[in-house]
Amino acid sequence: MKTADVEAINILNRIDDGFMGFDKDWLVTYMNPQAAKLLPRLDKEVNELLGRNFWDAFPDLLGSQVQEEFERAVAEQASLTFETFYPPLDSWFEVHAYPSPDGLTIFFRDVSEHKKAEEQLRVSEQVLTDFFENAPVGLHWVGADGTILRVNQAELDLLGYTRDEYVGHHIAEFHADQEIIDDILRRLTANETLHNCEARLRCKDGSIKHVLISSNVRLEEGKFAHTRCFTRDITERRQAEGEREERARHALLSADIGMALTRSDNLTEMLESCAEALVKHLNAALARIWTLNEKENVLELQVSAGLYTHIDGAHGRVPVGKFKIGLIAEERKPHLTNKVIGDPRVGDQEWAKREGMVAFAGYPLIVDGKLIGVMAMFAREALSEATLQAMASVANGIALGIERKRTEEERAGLREEIIQMQAARLEELSTPLIPLSKHIVVMPLIGSIDSERAERALDTLANGIISRGARIAIIDITGVSMVDSQVAGALMKAAQVLSLLGAEAVLTGVRPRVAQTLVGLGVDISNLVTRSTLQSGIEYAQRRLSSETLSLPRQVSTGA
């Protein structure tokens, strides 16, 4: 044997792979010791197989993949590699076949452990794939550029999209709030782990889902590969929370409206509080209340809260039957819409677009079939059925409040008028001025005299002298309960005023006790005509006017 051949055999005997050689008739021409170790059933001298037909030695391989591949390699004279499972040994083998014109040589190794590892990996991947695809919670992967790479059926079912409508699109296309998804992507790019970030996703049908997103990033060689995002639907929970919050807002609205209707001092203050409550508790952008001017058949804007607070301008006076407010009054039916843009009754569409108005609700204010006014508001978000019901209830309360407040104000006005009339009457009774003739008047004083009554008496007396042109005024104090310095001072002041007006004062009813009091007070009544009784005073006045020699002071011109 040549040295080269010996060296080649030595190499084949040392390698870890099994090696066998066949001639054209499938007779075994060579087999290394490793081949016998890999095939335990051949645990005997290798030389016993040399010269034997391979298929006779391994009849269980007839018709198998091994025979098929070996014969194909020889027929095509092409090297090939394949893996095959050998049931008698419960083992997998990797086989490399090399044909030649003289036969076939093969190298093979036991890859059972590798196949087991592959199978475990396959099963693991299958389990993970099954978990991803069939998880009850939404799952998706997003690439570094924001593109959706993978999604499971739960998330597609949640949002209503097909896989083609979702995968390959930027994740921001499905978020209702741009700032939220921008923040999520920024934090993930910084390799931050997110837990229960609340977001709103757009469904295919246009509805909105409230979700919680938990996510982190898978890195490959330190670089962003893709996110691993869990999407949990909390729409029902948020709706329940929203309904609770809504009920609480409605309760607070009713409470504030109730306080405004019962505690406000006047109509304007009451309606201002009501409009402000609508803005505060219903997130209204603008709330207004008009009342009906029945004489002119015009709705007059009483209050405005929110975006505008002025009450003048085009909406200050709205004819019944004109524009959306006037039509509500005329039809006596609410006008409600969550689609302000495109609503034919909302005239200024440019304003509505500019201000982001979404909803409008207007209610007629009616009490016992009588139109009182109109309440209306604009909002930048849709109004729920519960909110509309709350507004209808509020409208009824405000209508009753307006009617009650108007009645109260009318009663208060009537009461004030009566009080003024009574006061005037009492003043007349407390300081009466009685004309006896063209030039004689009498003022009888009864009861106690204080400074205020003394001033009223003096004003009445002076006005009566001027208006009647009287020349003698008789002041009768018969009914005065007590004469003190204050009364005495008032009497002297009256005498001086009458003198300046060109009239003479006569004091009657001066009883002895009164005279003593006046003297005791040091009152100088020497220039004042006094008489003990009203009758004697009247007689004195008549004699004075009838006497031909009577020379009365010239009347002072008053410019009257």
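Residues numbered from 1 in each chain as written. Predicted model: local features only at pLDDT ≥ 70, side-chain atom pairs only at ≥ 80, totals over all residues. Heavy atoms only, no water.

Draft legend 1. Fine view of the pairing of strand β9 (residues 208–220). Bridge analysis of strand β8 (residues 194–202) against β9 gives 7 bridges, and the strand direction is antiparallel. If you follow Arg200 over to β9, its bridge partner there is His210. Between the antiparallel neighbours β8 and β9 lie 5 residues, among them Gly206 with a positive phi of about 95°. (Pairing = 2+ DSSP bridges. Helix = DSSP H or I, 4+ residues; strand = E, 2+ residues; numbered from the N terminus.)

Draft legend 2. Up close: the sheet that holds strand β1 (residues 18–23). Reading across the sheet, the 5 strands line up as β2-β1-β5-β4-β3 and stay open at both edges, with antiparallel pairing between neighbours. Only two strands of the sheet have a single partner each, and these edge strands are β2 (28–31) and β3 (80–86). Recorded for the sheet is a direction-independent mean angle of 25° between the axes of neighbouring strands. Two elements, strand β4 (residues 91–100) and strand β5 (residues 103–110), share 8 bridges in a ladder whose sense is antiparallel. Bridge pairing in β5 links Glu94 to Arg109. The strands that helix α4 (residues 65–76) touches are β1, β3, β4 and β5; relative to β3, the one it contacts most, it runs at about 165°. (Axes fitted to C-alpha atoms, helices over the stretch in contact; angles between N-to-C directions. Contact = heavy atoms within 4.5 Å.)

Draft legend 3. Quick peek at a negative patch on the surface. Negative charge collects at one region of the surface, where Asp265, Glu269, Glu272 and Glu276 lie side by side. Structurally, Glu272 can be placed in helix α10 (residues 267–282). Glu272 sits in the partly exposed class, given a relative accessible area of 39%. (Patch = residues over 30% accessible without salt bridge, like charges linked within 9 Å, V, L, I, M, F, W, Y side chains within 5 Å. Areas by Shrake-Rupley, 256 points an atom, 1.4 Å probe, with all protein chains shown as cover. Salt bridge = Lys/Arg side-chain N within 4 Å of Asp/Glu carboxyl O. Lys, Arg positive; Asp, Glu negative; His and termini not counted. Charge placed at Lys NZ, Arg CZ, Asp CG, Glu CD. Buried < 20%, exposed > 50% of the residue type's maximum accessible area, 1.4 Å probe, protein only.)

Draft legend 4. Seen up close, the pairing of strand β15 (residues 359–367). Counting buried positions along β15 gives 8 out of 9 residues, so the element sits mostly inside the fold. In the sheet, strand β14 (residues 335–337) pairs with β15 via 3 bridges, with the strands oriented antiparallel. Within β15, the position partnered with Thr337 by the bridge is Phe360. Examined bridge by bridge, β15 and strand β16 (residues 370–379) share 9 bridges and lie antiparallel to one another. Residue pairing for β16: Ala361 is matched across the bridge by Met377. Connecting the antiparallel pair β15 and β16 is a turn made up of 2 residues, with Asp368 showing a positive phi of about 50°.

Draft legend 5. Expanded view of the sheet that holds β9. The strand order across the open sheet built from 5 strands is β7-β6-β10-β9-β8, with neighbouring strands paired in antiparallel fashion. In the strand order of this sheet, the two ends are held by β7 (148–151) and β8, each with one partner. Averaged over all pairs of adjacent strands, the angle between their axes in this sheet comes to 30°, without regard to strand direction. Note that β9 and strand β10 (residues 223–233) share 10 bridges and pair antiparallel. Residue pairing across strands places Leu219 opposite Phe224, the latter belonging to β10. Where helix α8 (residues 178–189) meets the sheet, it contacts β8, β9 and β10, and its direction lies at approximately 145° from that of β8. Its contacts with the sheet put helix α9 (residues 235–263) on β8, β9 and β10, and the angle it makes with β9 is roughly 135°.

Draft legend 6. Representation of the nonpolar core within the structure. Counting 34 residues, the largest nonpolar core has Ile257, Leu271, Ile289, Leu365, Met375, Ile398 and Ile402 as its most contacted members. Breaking this core down by element, the ones donating at least two residues are α9, α10, β11 (284–293), β12 (298–306), β15, β16 and α13 (385–430). Not counting chain neighbours up to four residues away, the residues in contact with Leu365 comprise Ile289, Trp290, Lys370, Leu371, Ile372, Gly373, Val374, Met375, Ala395, Ile398, Ala399 and Ile402. (Core = buried A, V, L, I, M, F, W, Y, C linked by side-chain atoms within 4.5 Å.)

Draft legend 7. Region of the structure containing the confidence of the model for the chain. Looking at the chain as a whole, its pLDDT mean stands at 86, while 90% of the residues score no less than 70. At the level of individual helices and strands, the chain shows its lowest average pLDDT in helix α1 (residues 3–14), which scores 62, and its highest in helix α7 (residues 163–166), which scores 96. The low-confidence segment residues 548–560, where pLDDT is below 50, has 18 contacts with residues more than four positions distant or belonging to other chains. (pLDDT = per-residue confidence, 0-100.)

Draft legend 8. Layout of the packing of aromatic side chains. Summed over the entire model, instances satisfying the criterion amount to 21 aromatic pairs. With a centroid separation of 5.7 Å and an interplanar angle of 50°, the aromatic rings of Phe19 and Tyr30 are classed as tilted. Within this pair, whereas Phe19 is found in strand β1, its partner Tyr30 is found in strand β2, the two being separated by 11 residues in sequence. Comparing Phe19 with Tyr30, the two get one shared label, buried. Taken together through their ring pairs, the aromatic side chains of Phe22, Trp26, Phe54, Trp55, Phe58, Phe70 and Phe82 make up a single cluster. A cation sits over an aromatic face here: Arg150 above Phe132, 4.1 Å from the ring centre. Sitting over the ring of Trp141, Arg150 keeps its end group 5.0 Å from the ring centre. (Phe/Tyr/Trp six-rings, centres within 6.5 Å; stacked < 30°, edge-to-face > 60°. Lys NZ or Arg CZ within 6 Å of the ring centre and 35° of its normal.)

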